[in-house]
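Listed below are the residues making up each chain.
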Amino acid sequence: MAVVSKPASQNLAVVLLTAYLSSLARQPLVTKACTTATLNFLQEEIAQRVSGVRADDKATEKRAALEGTPVKKSLIEKVVNKRVLQFSLYGLLISGPLNHFLYEILNK
């Protein structure tokens, strides 16, 4: 008798969904805030890459370096754009918790 197993990607998706739903049941506010922060991070990062904002920033840095006035950036700004970080923090601290409490009020 042959045993047919599910593809590994499907099993991973099921495991991740189960972990998310159990986290949502245990700590709804934290889970929603972290989810919102992650989605805000991804949407802003993708939007900047697609629109070419990142390329413009790099061109400005190269131009400044050629002129002898390099742009000073912190370590975090070299990896993540300031606006991306701001949107992530907004999702974590404001949007996620606010949506959680507003939906709680609407559900009453």
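Note that the structure is predicted; figures quoted are calculated from it, not measured.

Moving on, we come to the overall build of the protein. Along its length, the protein carries five helices and zero strands. The helix and strand sequence of the protein, counted from the amino end, reads α-α-α-α-α. Among the 108 residues that make up the protein, the fraction classed as buried is 19%. For the protein, restricting intrachain contacts to residue pairs at least 6 apart in sequence, the fraction spanning at least 24 positions comes to 76%. Carbon and sulfur atoms form 66% of the exposed surface of the protein, whose accessible area is close to 8700 Å².

Throughout the structure, instances matching the rule amount to two salt bridges. Notably, a salt bridge pairs R83 with E44, separated by 3.2 Å at the nearest N-O pair. Residue R83 is found in helix α5 (residues 82–107), and its partner E44 is found in helix α2 (residues 28–51); the two are separated by 39 residues along the sequence. Its relative accessible area of 46% is what places R83 among the partly exposed residues. E44 sits in the buried class, given a relative accessible area of 7%. Taking the shortest distance from any N to any O, the salt bridge between R49 and E45 comes out at 2.8 Å. You can see R49 and its partner E45 sitting in helix α2, four residues apart, about one turn around the helix.

Reading the values: rules and limits
- Sequence order sets the numbering: in each chain, residues are counted from 1 along the sequence as written.
- Residue-level local features of this predicted model are given only where pLDDT is at least 70; pairs of side-chain atoms are given and counted only at 80 or more, and the full residue set underlies all totals for whole chains, interfaces and linings.
- Only heavy atoms go into the side-chain values, all of them from the structure, while hydrogens and water stay out.
- By the criteria applied, helices consist of DSSP H or I runs no shorter than four residues and strands consist of E runs no shorter than two, each listed in order from the N terminus.
- Each residue gets one of three labels from its accessible area relative to the maximum for its type: buried under 20%, exposed over 50%, partly exposed in between, using a 1.4 Å probe on protein chains only.
- We call two residues in contact when some of their heavy atoms are within 4.5 Å.
- Each accessible area is a Shrake-Rupley result for a 1.4 Å probe, and residues are judged covered by the shown protein chains and nothing else.
- In the sections that follow, a salt bridge refers to a side-chain nitrogen of Lys or Arg positioned within 4 Å of a carboxyl oxygen of Asp or Glu.

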